[in-house]
Amino acid sequence: MAEETPDESTTAAKPQTESEKKSQKKDSWPSVILSTCLNLIIAIAVVALVQAFFVKVYQVPSGSMETTLNVGDRIVVNRLAYNGAEPPRGDVVVFKADSAWEEEIPDTNQSVLETIAKGFGDLTGIGPSNEKFLVKRVIAQGGDTVECCTAEGALKVNGEDVNEPYIFEDIPFTSGSLDCSSQNKSYRCFGPITVPEGEVLVMGDHRSASSDSVINCRYADVEQGDQSCARFVKKENVIGRVFFKLWPITDWRGF
């Protein structure tokens, strides 16, 4: 006896009508939008976490580090470089500008878009923010004694001359006529100053245009040995070490 086969007309899938296709498309849009928003939120959260704890991009705010770093350069900062330790001499660092340094932050008029962007940066750690920071080079650590100058005009740390090939447009100094013992004392001269433990002394590479740790110690009426003129950076205020210049792309380089 021949087997009965199901009627093909009852087993074949019915073609979707136009109304069913449209209904499926409508139903898929909310899920696409929800998925896109979820992925965007996750991406923002990941970037925010990376910038909060590992590395962050900053924009150089002033010309005190020229020509190593110029105004507007984007730099990448390693937040884990020191883990609470004092930065070593020679490192270029970003640090929080506390009350002793706030006056050095350039005043800028913000547009509405800049205000919104900085508000977003404050919340997420992405892009520009209202965080007050400065960029300088570490010259001395806690316990070090710093002074200027030698007969040739060089900086001294713990009695040893410091080689500073990165300096741009140093303060005028001429041995014998404009130095630390001449009647007209060179503005380059200061110290000696001993750095307190747990703090660092910082200066800018554009020495003649840098408002740094010893800016107020260079005046003629400051008595030798008076350390009240100096301002230092607490190690807990050091955000991290500058290890790469990201922008402009024509000057990509590491530090």
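The rules behind the values
- Residues numbered from 1 in each chain as written.
- Predicted model: local features only at pLDDT ≥ 70, side-chain atom pairs only at ≥ 80, totals over all residues.
- Heavy atoms only, no water.
- Core = buried A, V, L, I, M, F, W, Y, C linked by side-chain atoms within 4.5 Å.
- Buried < 20%, exposed > 50% of the residue type's maximum accessible area, 1.4 Å probe, protein only.
- Helix = DSSP H or I, 4+ residues; strand = E, 2+ residues; numbered from the N terminus.
- Contact = heavy atoms within 4.5 Å.
- Pairing = 2+ DSSP bridges.
- Lys, Arg positive; Asp, Glu negative; His and termini not counted.
- Salt bridge = Lys/Arg side-chain N within 4 Å of Asp/Glu carboxyl O.
- Polar contact = N/O pair within 3.5 Å; in protein donor to acceptor, adjacent residues only side chain to side chain.
- Disulfide = S-S within 2.5 Å.

Draft legend 1. Spatial organisation of the nonpolar core. Of all hydrophobic cores here, the largest spans 19 residues; its most connected members are V146, F190 and L201. Counting only elements with at least two residues in this core, the list comes to β4 (133-140), β5 (145-148), β6 (155-157), β8 (190-194) and β9 (199-203). The contact partners of V146, leaving out residues within four places of it in the chain, are I139, A140, L155, K156, V157, F190, G191, P192, I193, V195 and L201. Grouped together as the second largest cluster of nonpolar side chains are 12 residues, L69, V135, I239 and V242 included.

Draft legend 2. A look at the sheet that holds strand β7 (residues 160-161). Ordered in space as β7-β6-β5-β8, the four strands form an open sheet in which the pairing is antiparallel. Each having just a single partner strand, β7 and β8 make up the two edges of the open sheet. One ladder, built from two bridges, connects β6 with β7; its direction is antiparallel. Looking across to β7, one finds that V157 is bridged to E160.

Draft legend 3. Local environment of the side chain of D179. In this fold, D179 is placed in the loop between β7 and β8. The buried charged residue D179 lacks any salt bridge, with K185 as its nearest oppositely charged partner at 9.4 Å. Within polar-contact distance, the side chain of D179 engages the backbone nitrogen of S181 at 3.0 Å. Apart from the residues lying within four places of it in its own chain, the contact partners of D179 are F173, T174, N184, K185, S186 and C189.

Draft legend 4. Representation of the environment of V238. Considering the arrangement of structural elements, one finds V238 in strand β11 (residues 238-247). Considered as a pair, V238 and G84 are 154 residues apart in the sequence and their alpha carbons are 8.8 Å apart.

Draft legend 5. Looking closely at the state of the cysteines. Applying the stated rule across the entire model yields three disulfides. Here C148 pairs with C149 through a disulfide, and the sulfurs are 2.1 Å apart. Taking the sign of the S-S torsion, 85° for the link of C148 and C149, the bridge is right-handed. The same class applies to C148 and to C149, which are both buried.

Draft legend 6. Region of the structure containing unusual backbone geometry. Residue P192 is bonded to the preceding G191 through a cis peptide linkage, with omega at 10°. Among the structural elements, P192 can be located in strand β8. Residues W247 and P248 are joined by a peptide bond in cis, for which omega reads 5°. Position of P248 relative to the elements: it lies in the loop between β11 and β12 (253-254). The phi dihedral of N83 is positive, around 50°, even though this residue is not glycine. Turning to its location among the elements, N83 is positioned in the loop between β2 (74-78) and β3 (92-96). In this model, N158 sits at a positive phi of 55°, which is unusual for a non-glycine residue.

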